[in-house]
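Breakdown of the fold
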Amino acid sequence: MKITHVLGHNSNWNVETYMQNSIGDAFLITAFTHGIHYDAKKLLKPILDLSMIDLQFYGKKESSNIEKGKLSEFDFHPANCEENDVTSVYFETCVKKAIKFQQDNGFKKIIIPNFYENEKVEDIIYLIKTINKYIKTLKEEDEEYYMTLPFANHIIIDKEKVEEILFACTDMDMNFDGYFVVCETKPEFRKKITTDIKVIRNLSTVLKTLKLQSFKTIYAYANWDAIIYLAQTDIDYLTIGSYENLRNFDISRFTNNSSGGPSKGYYFSEKLLNMVRAEHITLIKGTGNLKLVKNEKNIFSEVILKDGYNWNIHRPDINKCNLLAISRLFQEISSISDLKRRKKHVLSLIKNAIEIYKMLESKHVYLDNESSNYHLSVWKTYLKTS
Amino acid sequence: MPIVSLTREFLEHFNITECSRAICGGQKTVYKVRIDGKFYALKVIKVADERFIRELKICEEFKQNAGIPRIFEVKSYDGETVILEEFIDGNDLSQISGQYLGDETKVCRLIKEIIQSLKPVWEARYIHRDLKPANIRIRKNGTPVILDFGIARALDDESITVSGGQPLTYIYGSPEQYAGKKSLISYRTDFFCIGVIAFQLYTGKLPFGNGREEIGLKYKNGNLKVSSGSEKIDIFCNAVFKVNPSERPRTIDSLIKLI
């Protein structure tokens, strides 16, 4: 498994952690942030050979409404469509040009863009089949083609729709080397990750089935809940990202203007298997329980947990701490090749995290909202029953 | 050999010197006939519908395939369609299934031969949809011939059955056929049916029961793991006995490797 940095806002943190701290193995350039001149950026030049690019066709024409995004810089992006509707013929042409763009720019792992579709599975399948026939004619030996599978929340919760997509994707005639899986998990308000068992079960089925059928998989815009999927299957490329929008696929990012708002930031605790709000870290620290949640052997953690540290979501150390902790967790899990043992290991991590939550409560440290244990029992149930 | 059902004029028209009726189905009657000293299967079709045309098309397309019967002649006679087809000297697999009971090597060899016969058919995007022992004839030398492509379907064609592929013989049908999910019918539907045949040949039992309701319930529950007593047969069967077709082997070569 290759840990892949999603390069969005403040990509320098990702590149620095790769260069200086050996975090990650590959990069995913986002067209939204970096635009057509990504290759002219000094920061990205040294890592271009290790990079893929997501041209992010998800929002189709609606992406042109976004003020900050750079998707319209790509003349073949459907955001530039002059007609009211993006027809399937127009979209197919955009996709073919997107493939050529990546070939011309030396990308060896080509991410074939796809659109976000809420209901009509047949439209997704039609495009997959059409592009599959097309790539058969242009495959080069040193290139790998990954078809994007964007699962809208309405689709991922419906196992029959998921099977229809998987059925098409795993047909013997498929020429893709793999799939670039994107999933709208839609966590509840004041939660960072989903607890919807249908999402967990079906997304796990997607990743397991594709791997079972010998396709390579890239799980993009993943959050740390990817450990549940990783517990059951090998994922070839798993992304890590600093900001929320790089760790949680949300179609509204490609259709509306949005911003994250102020925050003191979060601390990902490998022991709690959760992101803990900065305010809660202060609480834990103040009650003398920091040892229970503190990440070991993490230089960034040492810095940010010092007394008097000024927490702010835009500070690099906080983000680097989380990148290191999450990537380490992913690597530790994926290093266990035997899947039965791996699952058992993840279950033991969950069990330990539940125990730590109990210990905190026994010491009258009560964590709420995102910081609370809202997810572990669902994970445990899922893994025990799958 | 007694002469049955066919008129003297018919026999003379086709130079038939011997004739016996083999099978009488809804749409067709099959006779074993001798013409110029050679035996043939002669099919008389009352209504030459889409199914019949499709079967002919498949047999014609794969006439070099020893696992599919050869068709020599198609004629009209007195408003009926008459097909002169290769006569397979041997038995239906359903008649001799006991010979395979507990014999892992023999079962695996036969299953592999069935898959190899169907490989070019699947690659041409046709599916049989009604694989069962009664549709597999075993030649005297032990090699199989797949019969009755009557409900076979080209994957890009419209379905010829209203329900979208409900199998004619439900005990060999796949979960997607039971559920009437037309969009999920594919060559992997045939993979499932071959698994049922393999299990039955080796154990003498059907893997999911004999009753439609019993089988349907098992398919609904989802866990189709079986144990036949042979590790090799189990590996094959458990790979194809998946409710989701997407989880069954993706390629024909990967299926062959399992047996």
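On to the interface of chain A and chain B. Listed by partner, the interface residues are 15 residues for chain A and 19 residues for chain B. A combined buried area of about 1,400 Å² lies between chain A and chain B, and 51% of that area is made up of carbon and sulfur atoms. Interface area lost by chain A to chain B is led by Glu163(A), Phe167(A) and Met172(A), which between them contribute 49%. Applying the counting rule to chain A against chain B returns 3 salt bridges. One salt bridge in this structure joins Asp173(A) and Arg125(B), with 3.5 Å as the shortest N-O distance. There are 9 residue pairs in polar contact (both at pLDDT 80 or more) connecting chain A and chain B. Elements that contribute at least two residues to the side of chain A that touches chain B include exactly α6 (159–169) and α7 (197–212) of chain A. Among the elements that make up the side of chain A that touches chain B, the one with the highest residue count is α6(A) (5 residues). Of the residues assigned to the side of chain A that touches chain B, the class counts are 6 nonpolar, 4 polar and 5 charged.

Strands in a sheet are paired, the pairing made by backbone hydrogen bonds, and the direction either parallel or antiparallel. All names here are of chain B. One open sheet accounts for 3 strands, arranged β6-β8-β9; its pairing is antiparallel. The outermost strands of the open sheet, each flanked by one partner alone, are β6 (90–92) and β9 (144–146). Pairs of neighbouring strands in the sheet enclose a mean axial angle of 25 degrees, with direction left out of account. Bridging between strand β8 (residues 136–139) and β9 involves 3 bridges; their strand directions are antiparallel. Residue pairing for β9: Ile136 is matched across the bridge by Ile146.

On to the nonpolar core. Counting 137 residues, the largest nonpolar core has Ile112(A), Phe151(A), Tyr179(A), Phe180(A), Tyr219(A) and Trp379(A) as the members making the most contacts within it. The two domains that each donate at least three residues to this core are domain 1 (2–254) and domain 2 (266–385) of chain A. One finds Met172(A), Ile127(B), Phe192(B) and Leu206(B) within the second-largest nonpolar core, a separate group that totals 58 residues.

As a further point, take the environment of Lys297(A). Along the chain, the position of Lys297(A) falls in the loop between α10 (290–293) and α11 (299–304). Those residues in contact with Lys297(A) that sit more than four places away from it in its chain are Leu324(A) and Arg328(A).

All names here are of chain A. One open sheet holds the 8 strands; their spatial order is β3-β2-β1-β8-β7-β6-β5-β4, and the pairing between them is parallel. In this open sheet, the two edge strands, each paired with only one partner strand, are β3 (51–54) and β4 (109–112). Strand-to-strand, the axes of this sheet are offset by a mean angle of 25 degrees, without reference to chain direction. Pairing geometry for strand β2 (residues 26–30) and β3, over 4 bridges, is parallel. Paired with Phe27 across the bridge in β3 is Ser51. With respect to the sheet, helix α4 (residues 121–136) is in contact with β4 and β5 (144–151), its orientation differing from that of β5 by roughly 175 degrees.

Moving on, we get to the domain arrangement of chain A. All names here are of chain A. You can read the domains of chain A as domain 1 (2–254) and domain 2 (266–385). The C-alpha centroid of domain 2 is placed 27 Å from the C-alpha centroid of domain 1. Contacts between domain 1 and domain 2 engage 36 residues on the former and 37 residues on the latter. Both faces combined, the contact of domain 1 with domain 2 buries some 3,400 Å², and carbon together with sulfur accounts for 72% of it. Along the contact surface separating domain 1 from domain 2 lie 2 salt bridges. Lys320 serves as the salt-bridge partner of Glu16, at 2.6 Å between the closest nitrogen and oxygen. Counting across the domain 1 and domain 2 interface gives 12 residue pairs in polar contact (both at pLDDT 80 or more). At the level of secondary structure, the elements contributing two or more residues to the side of domain 1 that touches domain 2 comprise α1 (11–21), α7, α8 (226–230) and β8 (237–240). By residue class, the composition of the side of domain 1 that touches domain 2 is 15 nonpolar, 11 polar and 10 charged.

All told, the structure shown has 36 aromatic pairs over all chains when counted by the stated rule. Ring plane angle 75 degrees and centroid distance 5.1 Å describe the contact between Trp122(B) and Phe191(B), whose orientation is recorded as edge-to-face. One end of the pair, Trp122(B), is in helix α3 (residues 104–123); the other, Phe191(B), is in helix α5 (residues 187–203), with 69 residues separating them in the sequence. Neither residue differs from the other here; Trp122(B) and Phe191(B) are each classed as buried. Grouped by ring-pair contacts, the aromatic residues Tyr38(A), Phe57(A), Phe74(A), Phe76(A), Phe91(A), Phe101(A), Phe107(A) and Phe115(A) constitute a single cluster. Between the NZ or CZ atom of Lys96(A) and the centre of the ring of Tyr134(A), over which it lies, the distance is 4.9 Å. For Lys106(B), the ring lying beneath its charged end belongs to Tyr100(B), and the centroid distance is 5.0 Å.

Conventions we followed
Residues numbered from 1 in each chain as written. Chains lettered and ligands numbered in written order. Predicted model: local features only at pLDDT ≥ 70, side-chain atom pairs only at ≥ 80, totals over all residues. Heavy atoms only, no water. Contact = heavy atoms within 4.5 Å. Buried area = accessible area lost by both parts, 1.4 Å probe. Salt bridge = Lys/Arg side-chain N within 4 Å of Asp/Glu carboxyl O. Polar contact = N/O pair within 3.5 Å; in protein donor to acceptor, adjacent residues only side chain to side chain. Helix = DSSP H or I, 4+ residues; strand = E, 2+ residues; numbered from the N terminus. Nonpolar A, V, L, I, M, F, W, Y, C, P; charged D, E, K, R; others polar. Pairing = 2+ DSSP bridges. Axes fitted to C-alpha atoms, helices over the stretch in contact; angles between N-to-C directions. Core = buried A, V, L, I, M, F, W, Y, C linked by side-chain atoms within 4.5 Å. Buried < 20%, exposed > 50% of the residue type's maximum accessible area, 1.4 Å probe, protein only. Domains from an automatic or database assignment. Phe/Tyr/Trp six-rings, centres within 6.5 Å; stacked < 30°, edge-to-face > 60°. Lys NZ or Arg CZ within 6 Å of the ring centre and 35° of its normal.

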